[in-house]
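Commentary on secondary and tertiary structure
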Amino acid sequence: MTISKPLFVYLQRPDTGEWVTVGRYARQRDDEPGMFMYAPSYIDARLPWSVDPVNLPLIGGIEHLAQRYRGLHDVLRDTCPDTWGRQLLQREYQLPDNAHDSDYLRIARNGDRWGALATGAARKPSIDALRSPKLQQLDGLVEELQAMSERRPPVDARLRKMLMSTPSMGGARPKGTLRDGEDYWLVKPIMQSDVADIPRLEHFTLKWGTASGLNFAQSVHHQVGGAPSVVRVLRFDRKADRRKMAISAASLLSAEYPGGLRAGWSYPLLAQILQRIGAPLRDQIELFDRMVFNAIVGNDDDHPRNHAAIYDIQEKRWRLSPAFDVVPNPEMEPKALAMQVSAGRFDITREAVLADAELFGFKDQNEAELHLDALLDTIASAFPTVQAELPAELSTLLRDRLANGMRQLAARTTKYP
Ligand SMILES: Nc1ncnc2c1ncn2[C@@H]1O[C@H](COP(=O)(O)OP(=O)(O)O)[C@@H](O)[C@H]1O
Ligand SMILES: [Mg+2]
């Protein structure tokens, strides 16, 4: 499919909540890159927000050509579904396997879209409100998501319709958004193909991160009686009718995910970019800490679409988002992370995680080593405080993982039980 008509891009202003047309996207032919241009009205209004502070500087009259995703701009790609949502849309709209990313951008609705961007064919913003199930419908939602993933007919036709009209969130796992008061929660149930109780493991790990003093997304785990295990994670990009601007680390790194070259996937590089776009030093350090945490727990699915930044309107700057999708690999103990821990190195070793410490804002190696040792202590002492969230089998797995992680990352002289 080819976009010849422009697709208008809307932004919910982070200050007033008003929707404005921020620009337009167009792609004339399949073999041409897409073009994004800020709307003259947006430039004239002198609003300060670039939709992508790295790749789309706020300059009027310029046609920004897309460098990746076969011609879709990174930050627009961020608002598209990944494997799960695409599966739903592909089935509903009979899209070919090689459908362009921009087809998904156009078809996926704005209701549940990630961040504060939306799209439409009209010059003036028109945003459908998110109609999402309520917390009381959690059981039904889980059952419906499982039926969808197994290609069974609807259990509840209304719920199925609701879920089919909200396929925009990224990621591979089946998921839906539910509303509880002013909060929105991402719901991720267990699936038949799971080799372990992934929702419980995800919930446990988010709690462990929080107990280690890190900024991890809030989550709740449900499993009553014989009901399926499900985790819900608080959406940090939504509150009531307000959306927060969000950008993936893939976009910040000008790297493509999925696909793309791992050469650009890098924690120290991301730390530097965070600094460049105005995030405070503590976010760079937090990123270092998350890298170490991922190394310890063996989360090697820490790819650049599993990190993000959000715009904080009170502070008027970009901040590292809360950590999400942090799940230890349940099948094997990873020796390396998905992103580089220092230039050219992915390995989980003390030497590698410290090699580029200055790029995270540490004064010198000595300061970084002291910080790392204190962090390892904190992570290790937080484990028993959250261990009760796990069944025996997973608890043993994670205890061994922690012990091995400590052996790789702690100084030789440190003894951990
Ligand atoms: N707590 C959250 N708040 C807002 N957006 C989130 C949150 N968690 C995940 N996301 C967004 O949803 C996408 C999919 O969620 P994720 O937990 O990564 O699912 P999966 O396990 O399928 O990869 C992420 O890439 C991110 O864009
Ligand atoms: Mg993910």
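See the structure printed just above.
The structure reproduced in this document is the subject of the present report. Nothing here was measured: the structure is a model prediction, and the numbers come from that model.

Conventions adopted
- Residues numbered from 1 in each chain as written.
- Chains lettered and ligands numbered in written order.
- Predicted model: local features only at pLDDT ≥ 70, side-chain atom pairs only at ≥ 80, totals over all residues.
- Heavy atoms only, no water.
- Near = heavy atom within 4 Å.
- Areas by Shrake-Rupley, 256 points an atom, 1.4 Å probe, with all protein chains shown as cover.
- Helix = DSSP H or I, 4+ residues; strand = E, 2+ residues; numbered from the N terminus.
- Nonpolar A, V, L, I, M, F, W, Y, C, P; charged D, E, K, R; others polar.
- Domains from an automatic or database assignment.
- Core = buried A, V, L, I, M, F, W, Y, C linked by side-chain atoms within 4.5 Å.
- Buried < 20%, exposed > 50% of the residue type's maximum accessible area, 1.4 Å probe, protein only.
- Pairing = 2+ DSSP bridges.
- Axes fitted to C-alpha atoms, helices over the stretch in contact; angles between N-to-C directions.
- Parallel < 35°, antiparallel > 145°, perpendicular 65-115°, else oblique.
- Contact = heavy atoms within 4.5 Å.

So, on to the site of ligand 1. As a structural note, the neighbourhood of ligand 1 is formed by 18 residues, with Arg173, Lys175, Lys188, Leu234 and Asp325 the closest of them. Against a free-state accessible area of 540 Å², the protein chains account for coverage of 94% of ligand 1. Elements with a contribution of two residues or more to the shell around ligand 1: strand 7 (183–189) and strand 9 (230–234). Taken together, the residues that form the shell around ligand 1 break down as eight nonpolar, three polar and seven charged. Mapping the shell around ligand 1 onto the domain boundaries places at least three of its residues in each of domain 2 (135–165 + 173–239) and domain 3 (245–409).

Here we take up the nonpolar core. Residues Leu11, Tyr42, Trp208, Val292 and Ile296 are the most contacted members of the largest nonpolar core, which totals 100 residues. Listed in part, the twelve residues of the second largest apolar core include Trp84, Leu138, Leu145 and Leu163.

Once that is clear, we can look at the sheet that holds strand 4 (residues 64–65). Ordered in space as 4-3-2-1-5, the five strands form an open sheet in which the pairing is antiparallel. Across the chains shown, the open sheet's two edge strands, defined by having one partner strand only, are strand 4 and strand 5 (117–120). Sheet topology note: the strand 1 (residues 7–12)/strand 2 (residues 19–26) ladder contains six bridges and is antiparallel. Bridge pairing links Phe8 to Arg24 in strand 2.

Moving on, we get to the packing of helix 10 (residues 281–297) against helix 13 (residues 392–409). Taken N-terminus to C-terminus, the directions of helix 10 and helix 13 make an angle of 125 degrees; their axes are 7 Å apart at the nearest point. Classed by the angle they form, the pair helix 10 and helix 13 counts as oblique. Seen from helix 10, the contacting residues are Val292, Ala295, Ile296 and Val297; seen from helix 13, they are Arg401, Leu402, Gly405, Met406 and Leu409. In terms of residue class, the contact of helix 10 with helix 13 is made up of seven nonpolar, one polar and one charged.

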